[in-house]
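# Residue-level structure breakdown
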Amino acid sequence: MNSRRTRRLSRLNPRLDLTPMIDVVFLLIIFFMVSTTFISPEANLPVDLPRSQTSQLQSADLPTVTITKDLKIFLGGTAVKEADIAQALQIRLADQDESVVVLRADRTVPHGLVVQVMDQIKRSGARRIAIATGG
């Protein structure tokens with residue numbers, strides 16, 4: 001008699017299996033994690049880049065020196081002094097096959113400061129300097 005009662009209760013209280021829904025939720029989470037673009041620290045620095053007609057794309061993983069309009073210098077999102085650029089870049093360039101450094105300078109930065117920073121980049125051992133433009 002007990003087995004009849006159990007059968008009736010199981011028919012009256014159907015169970016909803018949540019396993020497929022949980023699988024789909026985890027797959028969506030993984031999809032969004034993989035497809036998300038990660039913003040580099042340099043992208044957050046407010047720099048009004050000059051325009052160029054003949055710009056070329058460069059790899060995003062290159063070391064980047066940024067000069068903001070208030071004349072602050074950043075290396076990979078970290079503030080550095082002008083005199084320390086060469087030493088800090090030497091460490092970063094030692095890990096890379098190519099010795100290319102990207103220079104992002106606001107269009108209002110004096111030309112003299114940009115040249116001084118380029119000189120520091122060359123002292124670090126960089127073979128090429130890629131100047132970032134606004135396109």
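Now for a description of the structure that goes with this document. Residue positions are counted from 1 within each chain, in the order its sequence is given. The predicted origin of the model limits local features to residues at a pLDDT of at least 70 and limits the giving and counting of side-chain atom pairs to 80 or more, whereas totals for whole chains, interfaces and linings rest on all residues. Side-chain numbers here rest on the full set of heavy atoms in the structure, without hydrogens or water.

## So, the side chain of T68
Helix and strand labels come from DSSP, where a helix needs a run of H or I of at least four residues and a strand needs a run of E of at least two; each type is numbered from the N terminus. As for its position among the elements, T68 is in the loop between β1 (64-67) and β2 (73-75). Partly exposed describes any residue whose relative accessible area lies between the buried limit of under 20% and the exposed limit of over 50%, with all areas from a 1.4 Å probe on protein chains only and scaled to the type maximum. For T68, a relative accessible area of 3% corresponds to the buried category. The definition of a polar contact used here is a pair of N or O atoms within 3.5 Å, where within protein one atom must be able to donate a hydrogen and the other to accept one, and adjacent residues in sequence count solely through side-chain atom pairs. Only 3.0 Å separates the side chain of T68 from the side chain of D70, close enough to count as a polar contact.

## Observations concerning the sheet that holds strand β4 (residues 100-105)
Strands are treated as partners if at least two bridges between them are detected by DSSP. Strand order in the open sheet formed by 5 strands is β3-β2-β1-β4-β5, with mixed pairing between adjacent strands. Only two strands of the sheet have a single neighbouring strand rather than two, namely β3 (78-80) and β5 (128-131). Pairwise comparison of adjacent strand axes, ignoring direction, gives a mean angle of 30 degrees for this sheet. Direction of pairing for β4 relative to β5: parallel, over a ladder of 4 bridges. Each residue of the ladder has a partner; that of V101, found in β5, is I129. Relative to the sheet, helix α3 (residues 85-94) contacts β1, β2, β3 and β4, its axis offset from that of β2 by approximately 20 degrees. The contact criterion used throughout is that any non-hydrogen atoms of two residues lie within 4.5 Å. Inter-axis angles, ranging from 0 to 180 degrees, are taken between N-to-C directions of lines fitted to C-alpha atoms, where helices are fitted over the stretch in contact. Against the sheet, helix α4 (residues 111-123) engages β1, β2, β4 and β5, with an angle of about 165 degrees to β4.

## Overview of unusual backbone geometry
Phi at L71 takes a positive value of approximately 65 degrees, unusual for a residue other than glycine. Within the secondary structure layout, L71 lies in the loop between β1 and β2. A residue is classified by how much of its surface remains accessible, and L71, at 44% relative accessible area, is partly exposed.

## Overview of the nonpolar core
With 16 residues, the main nonpolar core has V65, I67, V117 and I121 as its most contacted residues. Mapped onto this core, the elements with two or more residues apiece are β1, β2, α3, β4 and α4. With 4 residues, the single largest contributor to this core is α4. Setting aside residues up to four positions removed in sequence, V65 forms contacts with I73, F74, L75, I85, L89, V101, V102, L103, R104, V117 and I121. We call a set of buried Ala, Val, Leu, Ile, Met, Phe, Trp, Tyr and Cys residues a nonpolar core when their side-chain atoms join them within 4.5 Å. Listed in part, the 5 residues of the second largest apolar core include L62, V100, V102 and A130.

## Notes on the pattern of salt bridges
Side-chain pairs of opposite charge can arise where the charged atoms are in close proximity. Salt bridge, as used here, is a side-chain nitrogen of Lys or Arg placed within 4 Å of a carboxyl oxygen of Asp or Glu. Summed over the entire model, instances satisfying the criterion amount to 2 salt bridges. Residue D70 is joined to K72 by a salt bridge in which the shortest nitrogen-to-oxygen separation is 3.9 Å. Between R123 and D119 there is a salt bridge, with the nearest N and O atoms lying 2.9 Å from each other. A residue pair is termed a helical-turn pair when its members lie 3 or 4 positions apart in one helix, as R123 and D119 do in helix α4 at 4 residues.

## Looking at the packing of α3 against α4
As a packed pair, α3 and α4 sit with axes 8 Å apart at the nearest point and diverge in direction by 40 degrees. In this view, α3 runs oblique relative to α4, as classed from their interaxial angle. Seen from above, α3 lies across α4 with right-handed handedness. In this structure, α3 uses I85, A86, L89 and Q90 to contact α4, whose residues at the interface are V117, Q120, I121 and R123. Residue type decides the class: Asp, Glu, Lys and Arg count as charged, Ala, Val, Leu, Ile, Met, Phe, Trp, Tyr, Cys and Pro as nonpolar, and the leftover types, Gly among them, as polar. Looking at the contact of α3 with α4, its residues break down into 5 nonpolar, 2 polar and 1 charged. In this scheme, roughly parallel covers angles under 35 degrees and roughly antiparallel covers those over 145, while 65 to 115 is roughly perpendicular and the rest are oblique. Crossings are sorted by hand: turned counterclockwise from the far helix by less than a right angle, the near helix makes the crossing left-handed, and turned clockwise it makes it right-handed.

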